[in-house]
Amino acid sequence: MPTIEIASINSTGLDLRQEDYDVAIIEENRLESHRGLFNKFLSKQDGSIVHLGNADFKEDKEGGFFGGQLIDWDFESGDIIIPHIDPDNPADSWGANQQHRFKFHEQFKPDIDRILNIALESSPVNKVYFLTDYQFGPSKARTEIIYTITDLWDLHDKEGLIFNTLYELYKK
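Residues numbered from 1 in each chain as written. Predicted model: local features only at pLDDT ≥ 70, side-chain atom pairs only at ≥ 80, totals over all residues. Heavy atoms only, no water.

### Some words on the overall build of the chain
Helix and strand content of the chain: 3 helices and 8 strands. Within the chain, the proportion of its 172 residues that are buried is 46%. Sequence separation of 24 or more characterises 72% of the internal contacts of the chain that already satisfy a separation of 6 or more. Split by element, the accessible area of the chain, about 9000 Å² in all, is 47% carbon and sulfur. (Helix = DSSP H or I, 4+ residues; strand = E, 2+ residues; numbered from the N terminus. Buried < 20%, exposed > 50% of the residue type's maximum accessible area, 1.4 Å probe, protein only. Contact = heavy atoms within 4.5 Å. Areas by Shrake-Rupley, 256 points an atom, 1.4 Å probe, with all protein chains shown as cover.)

Following this line, the structure appears as structure tokens:
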């Protein structure tokens, strides 16, 4: 299932309260993703990160934590094929590249937008990263400068966002 995260660069904290959101949140004052795709990139920077998860994780954040129920899986339909793992496969592409684009369910967009804006306001350098890591998404990580939160939502609504992409956003 996908990891969905918002990193506020050079922030010392966002002071989010779980009871204010329908999505589950975990806030940490160290830039470390729950999955490894962007950790090397994030480890060279300081700030706070918010992990977004399914609403049913609001009360239990100790086990697995992911945001699959935030995603509108009908947007880019495709069958998830659990691959047969072949240790002799030199490409290590056991199931990646099955789904590329995604959208959030409309009911979660206000929470995500609010957290993005708080993260941007909390960043003294006015920079936020919005990132995903999904094992059935593109096999290579991407970074894309979007500029504003409005531009991110425009892209989301028109074309969908791309899994395994770190979107860089700035305060306008």
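### Points about the sheet that holds strand 3 (residues 47-53)
The 6 strands are arranged 2-3-1-5-8-6 in an open sheet whose pairing can be described as mixed. Every interior strand has two partners, whereas the edge strands, strand 2 (24-28) and strand 6 (142-147), have only one. Ignoring which end each strand starts from, the neighbouring axes of this sheet average 20° apart. Contacting strand 5 (127-133), strand 6 and strand 8 (165-170), helix 3 (residues 149-158) crosses the sheet at an angle of about 115° to strand 6. (Pairing = 2+ DSSP bridges. Axes fitted to C-alpha atoms, helices over the stretch in contact; angles between N-to-C directions.)

### Let's talk about the side chain of Asn164
With respect to the helices and strands, Asn164 occurs in the loop between strand 7 (161-162) and strand 8. In terms of polar contacts, Asn164 uses its side chain to reach the backbone amide nitrogen of Tyr134, at 2.6 Å. (Polar contact = N/O pair within 3.5 Å; in protein donor to acceptor, adjacent residues only side chain to side chain.)

### Regarding the packing of aromatic side chains
With the rule as written, the count across this model stands at 12 aromatic pairs. Between Phe41 and Tyr129, the aromatic rings sit 5.3 Å apart at their centres with planes inclined by 55°, giving tilted as the arrangement. Highlighted residues: Phe41 in helix 1 (residues 39-42) and Tyr129 in strand 5, separated in sequence by 88 residues. Residue Phe41 is classed as partly exposed on the basis of its relative accessible area, which comes to 32%. Owing to a relative accessible area of 2%, Tyr129 belongs among the buried residues under this scheme. Considering the side-chain rings of Phe57 and Phe66, the 5.1 Å spacing of their centres and the 80° angle between planes classify their relative orientation as edge-to-face. An aromatic cluster is built from Trp73, Phe102, Phe104, Phe130, Tyr134, Phe136, Trp153, Phe163 and Tyr167, whose rings are joined through pairwise contacts. (Phe/Tyr/Trp six-rings, centres within 6.5 Å; stacked < 30°, edge-to-face > 60°.)

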